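# Structural overview
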Amino acid sequence: SERQPLRPPYVGAMLLVLVATALAGLVSADPVGGLALALKEAYLYTWMVTLAGVFTSAEPSALRRMLLAWSVAVGVNGALILAQFVHPPLLQQMNSAVSALGGTLDPYRPSGLMANTNAAAVFQLLGLVPLVALRLRPRTLLALGLFDVASIVGTGSMGAMLALAYAAPGIRLAITGR
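Residues numbered from 1 in each chain as written. Predicted model: local features only at pLDDT ≥ 70, side-chain atom pairs only at ≥ 80, totals over all residues. Heavy atoms only, no water.

### Quick word on the side chain of Ser 111
In this structure, Ser 111 sits in the loop between α4 (88-100) and α5 (117-126). Residue Ser 111 is classed as buried on the basis of its relative accessible area, which comes to 0%. Within polar-contact distance, the side chain of Ser 111 engages the backbone oxygen of Met 114 at 2.6 Å. For Ser 111, the contacting residues outside a window of four places in its chain are Asn 77, Ile 81, Gln 84, Leu 105, Asp 106, Asn 116, Thr 117 and Ala 120. (Helix = DSSP H or I, 4+ residues; strand = E, 2+ residues; numbered from the N terminus. Buried < 20%, exposed > 50% of the residue type's maximum accessible area, 1.4 Å probe, protein only. Polar contact = N/O pair within 3.5 Å; in protein donor to acceptor, adjacent residues only side chain to side chain. Contact = heavy atoms within 4.5 Å.)

Quick look at the structure:
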């Protein structure tokens, strides 16, 4: 396939956010923490540009495999979230096992294999992207999409639910074309 030139339409906005974050960090009570946040944002922006490059330059069959792998990861984590939700002793057992290895999980809300429940919910929310991009049959897409939404609800993350509610019209449009 022919290489596409990188067209970063949001570079100006991203640079403005980074500069504002760095300036706010310098005048905050914790300048080191503020600058660390600016570095994290720069890393995330770079990662997103890298992902966009990979996805736009991949052959169709490789792209489909990447989207399938992403969907499987979301499905497995979603199944674990729902299992933790309906069977709280599993959440406690997992917390004990992960603590024994030196890690942590959210002790109160299901998060699958993630330490932060809100991050788990956002991961599940972003899992709707490959489902739509795979162009599955409508019934399959609906079933998997509802499973994913159930896992988001299972985390109890109000932020992810708000994002889902806000994105619902766009998701509907992507799925139905109306």
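### Focus on unusual backbone geometry
Positive phi is not limited to glycine here, since Arg 135 has a value of about 55°. Summarising the element assignment, Arg 135 is placed in the loop between α6 (128-133) and α7 (138-155).

### Thoughts on the packing of helix α3 (residues 60-86) against α7
Their axes nearest at 9 Å, the elements α3 and α7 cross at an angle of 45°. Between α3 and α7, the angle is such that the two are oblique. Crossing of α3 against α7: the hand is left-handed. Between α3 and α7, the residues in contact are Val 74, Gly 75, Gly 78, Ala 79, Ile 81, Leu 82 and Phe 85 and Phe 147, Asp 148, Ala 150, Ser 151, Gly 154 and Thr 155, respectively. A per-class count over the contact of α3 with α7 returns seven nonpolar, five polar and one charged. (Axes fitted to C-alpha atoms, helices over the stretch in contact; angles between N-to-C directions. Parallel < 35°, antiparallel > 145°, perpendicular 65-115°, else oblique. Left-handed = near helix turned anticlockwise from the far one by under 90°. Nonpolar A, V, L, I, M, F, W, Y, C, P; charged D, E, K, R; others polar.)

### Some points on the pattern of salt bridges
The tally for this structure, following the rule as stated, stands at one salt bridge. In this structure, the salt-bridge partner of Asp 106 is Arg 109, at a minimum N-O distance of 4.0 Å. Judged by its relative accessible area of 14%, Asp 106 falls in the buried class. (Salt bridge = Lys/Arg side-chain N within 4 Å of Asp/Glu carboxyl O.)

### Quick notes on helix α2 (residues 31-57)
If you check α2, its first and last C-alpha atoms are 39 Å apart, about what 27 residues at 1.5 Å a residue would give, namely 39 Å. Inspection of α2 places Gly 34, Ala 38 and Glu 41 among the buried residues, and these make up the whole buried set. On the buried face of α2, the contacting elements are α1 (11-27). (Expected span 1.5 Å × (residues − 1).)

### Considering the packing of aromatic side chains
A complete count under the given rule lists one aromatic pair for this structure. On the numbers, 6.2 Å between centres and 25° between planes, the contact of Phe 55 with Trp 70 is stacked. Placement of Phe 55 in helix α2 and of Trp 70 in helix α3 is noted, with a sequence separation of 15 residues between them. What makes Phe 55 partly exposed here is its relative accessible area of 25%. (Phe/Tyr/Trp six-rings, centres within 6.5 Å; stacked < 30°, edge-to-face > 60°.)

### Observations regarding the environment of Ile 175
Of note, Ile 175 is situated in helix α8 (residues 158-176). With 43 residues separating them in the primary sequence, Ile 175 and Val 132 have C-alpha atoms 6.5 Å apart. Once residues lying within four places of it in the same chain are set aside, the contact partners of Ile 175 are Val 132 and Leu 141.

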